[in-house]
Amino acid sequence: MNLINSDDPYWGMDGVVEENGSQWIVGSGSKIDFWHHNWLGSTIIDLLNISPSVAKTLQTKLSSFIINGNWVCPIDLQALCAPIWNDVVRTTLPCKVGLDDRLIWKSAKDGNLTVALAYDLKRTRLPRVPWARFVWHPSFRPRNSIILWKYLHRRLLTDDVLQRRGFQLSSVCSLCRHGVETSHHLFFTCSFAAAIWWNLLNMFQTPSVFQVKINTDGAARGSPGLAGFGGIFRDHLGCVLGCFAESLGNAYALEAELHAVVHAIHLASLKGWKSLWIESDSTLVIHFLSSLNNKVPWHYFTIWFNCRALLASMLVKISHVYREGNQVADCLANFGVDQVGTLWWDSCPPCALSAYCLDLVGLPNYRFCL
Ligand SMILES: [Zn+2]
C-alpha cells in the first residue's frame, strides 16, 4: 500500500514526511508549489534561505514556469534564483503534456511509502544492545524471550519490585522458602534455580567407585512408529563397560523407553553389577521406577514385575536427565531402530562416539545453536 498520495492533503502537506524523504517528480507542475515543495532535493525556500515572513508571501505553481516542456522564467526570478538556477534548468521535464506530478518516497525503490517504511520513519530508535540477538533468537519461544527481556530490564514483577512500588508484603521465595524473592535470587542464588542450571548444563556426572551408571533411551519414528532402544553402562571414570541397542518394530516411544530400562536391568543382573545408577530422560519411566505401585501399561505388568524383583536385590539410584544430557543413549536408541536383533558392544560404537567424547570432557550437549 502506498501511503503517499499527492492528492491527499495530509501526506501531500505533511512537512514531516516531505522533510524526511519525499520529493516531487515534476510532471505538469500543476500540483507543485515552486517555493515550498521539495522537487529539487530541498525546497527553494530552504535552498535560498528565504526568511519565513517572505516565504509566506510566495505562492506560485511550478506549472507557471513551464511551457511546451521548457523552462520559461522571468528575468527577475532567474536573478533571485541565480545560486540554484543551473539545478533548476537541469531538472528533466516531460516532453509532452499528460504526465502528472508525483510525490515519491526517495528511499523506496519504487517510490512508494509503505506502512513498513512509515513505521520505520516514525518509531523511536533505541541504542542497539549486544544481547538482543540472543534474547530474540528464533529458537526460543516468544514467552521465554519476553521473560528474559524483562529480567534484563529489571521489569519482572518479583516481590522486591512490588515492594518498591508500594505494595505492603513480606517476601519469601516460594521455591526454596529461603531468601527474599528477587530476580537475581530466582535466576541464580535459589537452590531450585541452581538445580535447573545444573541440569541445563548437562554435565555428565560419573557414578561412585563401586557403582555402574546406566543411561537408557528409546526412540520411535511415529506414534506408533518404527522404534528402537539403547543404553550405555559406564564406570566411575566415565569409561564404557558396554553398550546395547535393539530394534523394537512398530511401537510407541514410551514402550521403547520401558524396554530400554528393562533390558538394561537384565543385562546388569547378568553381568553381576549390583550397584546401579539408572538415568533416563523419560519422566514417566523414572516415575514407574521410583513408585512402588506398578502403573505401567497393562501389557507390561509381568515384565515390570520381574524387573522390579531384580531391582529388589540391587542397590539402585534413579535420576532423570534432560534429553541433552542423555545424548549417548539417544544415539544408540536411534541406531537401534534400523537394526535387526540385539546388539552389544564392549566399547562405544561409532554411532555414539561424538556424544560420548563430549561427556568424557564434560561439555554440554545443547539442543539449540546460536
Ligand atoms: Zn529460592
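Residues numbered from 1 in each chain as written. Predicted model: local features only at pLDDT ≥ 70, side-chain atom pairs only at ≥ 80, totals over all residues.

## Comments concerning the overall build of the protein chain
The number of helices and strands found in the protein chain is 17 helices and 10 strands. Expressed as a percentage of the 370 residues in the protein chain, the buried residues total 26%. (Helix = DSSP H or I, 4+ residues; strand = E, 2+ residues; numbered from the N terminus. Buried ≥ 20, exposed ≤ 12 C-beta atoms within 10 Å, placed from the backbone.)

## A short note on the environment of Cys 331
Inspection of the secondary structure puts Cys 331 in helix α16 (residues 327–337). Along the sequence, Cys 331 and Phe 229 sit 102 residues apart, while their C-alpha atoms lie 9.3 Å from each other.

## Some words on the pairing of strand β8 (residues 275–280)
Walk down a regular strand and you will see the side chains alternate between the two sheet faces. With 5 bridges joining them, strand β5 (residues 212–222) and β8 adopt parallel strand pairing. By the bridge assignment, Val 212 is partnered in β8 with Leu 276. As paired elements, β8 and strand β9 (residues 315–320) share 6 bridges and run parallel to each other. By the bridge assignment for β9, Leu 276 is matched with Val 316. (Pairing = 2+ DSSP bridges.)

## Digging into the sheet that holds β9
The 6 strands are arranged β9-β8-β5-β6-β7-β10 in an open sheet whose pairing can be described as mixed. For this open sheet the edge positions go to β9 and β10 (342–345), each flanked by a neighbour on one side alone. Across the sheet, the mean angle separating the axes of adjacent strands is 15 degrees when strand polarity is ignored. Where strand β6 (residues 225–234) and strand β7 (residues 240–251) come together, 10 bridges link them in antiparallel fashion. Within β7, the residue paired with Ala 227 across the bridge is Gly 249. Against the sheet, α16 makes contact with β5, β6 and β7, and its axis sits at roughly 140 degrees relative to β6, the strand it touches most. (Axes fitted to C-alpha atoms, helices over the stretch in contact; angles between N-to-C directions. Contact = placed C-beta atoms within 7 Å.)

## Describing the environment of Lys 56
Turning to its location among the elements, Lys 56 is positioned in the loop between α4 (52–55) and β2 (66–67). As for Lys 56 and Trp 35, which are separated by 21 residues in sequence, their C-alpha atoms are 9.8 Å apart.

## Structural notes on the nonpolar core
By size, the foremost hydrophobic cluster in this structure holds 41 residues, and its most contacted members are Ala 256, Val 261, Val 328, Leu 332, Ala 333 and Ala 352. Only β5, β6, β7, α13 (253–271), β8, α14 (283–290), α16 and α17 (353–361) provide two or more residues apiece to this core. In terms of residue count, α13 provides more of this core than any other element does, 10 residues in total. For Ala 256, the residues in contact, after removing those within four places along its chain, are Gly 218, Ala 219, Ala 220, Ala 227, Gly 228, Phe 229, Leu 248, Ala 251 and Ala 333. Grouped together as the second largest cluster of nonpolar side chains are 10 residues, Trp 39, Ile 45, Ile 66 and Leu 103 included. (Core = buried A, V, L, I, M, F, W, Y, C linked by C-beta atoms within 7 Å.)

## Some remarks on α14
Listing the buried residues of α14 in full gives Val 285, Phe 288 and Leu 289. The buried residues of α14 occupy an angular sector of 95 degrees when projected down its axis, which confines them to one face. Of the residues in α14, the exposed ones pointing more than 90 degrees away from the buried face are Thr 283 and Ser 290. Lining the buried residues of α14 we find α13, β8 and β9. (Arc of directions from axis to C-beta.)

## Here's the deal with the packing of α13 against α14
At their nearest, the axes of α13 and α14 sit 9 Å apart, and the two run at 50 degrees to each other. When the interaxial angle is binned, α13 and α14 end up oblique. Considering only the axes of α13 and α14, their crossing is right-handed. The residues of α14 that touch α13, namely those facing Leu 254, Glu 257, Leu 258 and Val 261, are Leu 284, Val 285 and Leu 289. (Parallel < 35°, antiparallel > 145°, perpendicular 65-115°, else oblique. Left-handed = near helix turned anticlockwise from the far one by under 90°.)

## Observations regarding the packing of α13 against helix α15 (residues 301–312)
Relative orientation of the contacting elements α13 and α15 amounts to 40 degrees, with a least axis distance of 10 Å. With respect to α15, the axis of α13 lies oblique. When the axes of α13 and α15 are compared, the crossing they make is left-handed. In contact with Val 262, Ile 265, His 266 and Ser 269 of α13, α15 contributes Ile 303, Cys 307, Leu 310 and Leu 311. Grouping the constituent residues of the contact of α13 with α15 by class yields 6 nonpolar, 2 polar and no charged. (Nonpolar A, V, L, I, M, F, W, Y, C, P; charged D, E, K, R; others polar.)

## Quick word on unusual backbone geometry
The amide bond that connects Ser 223 to the next residue, Pro 224, takes the cis arrangement and shows omega of 0 degrees. By the element assignment, Pro 224 lies in the loop between β5 and β6. In the Ramachandran plot, Asn 49 falls in the positive-phi region, its phi being about 55 degrees despite a non-glycine side chain. Taking the number of C-beta atoms within 10 Å as the measure of exposure, Asn 49 has 7 and is therefore exposed. Here the phi dihedral of Arg 154 falls at roughly 55 degrees; this positive angle occurs in a residue that is not glycine. Mapped onto the elements, Arg 154 comes out in the loop between α9 (142–152) and α10 (159–164). We classify Arg 154 as exposed; it has 12 C-beta atoms within 10 Å.

## What to know about the confidence of the model for the protein chain
Per-residue confidence for the protein chain gives a mean pLDDT of 85, with 89% of residues at or over 70. Low pLDDT, under 50, characterises residues 12–18; the predicted model gives this stretch 6 contacts beyond four residues in sequence or across chains. Taken as a whole, residues 366–370 scores under 50 in pLDDT and shows 6 contacts with residues more than four places along the chain or in a different chain. (pLDDT = per-residue confidence, 0-100.)

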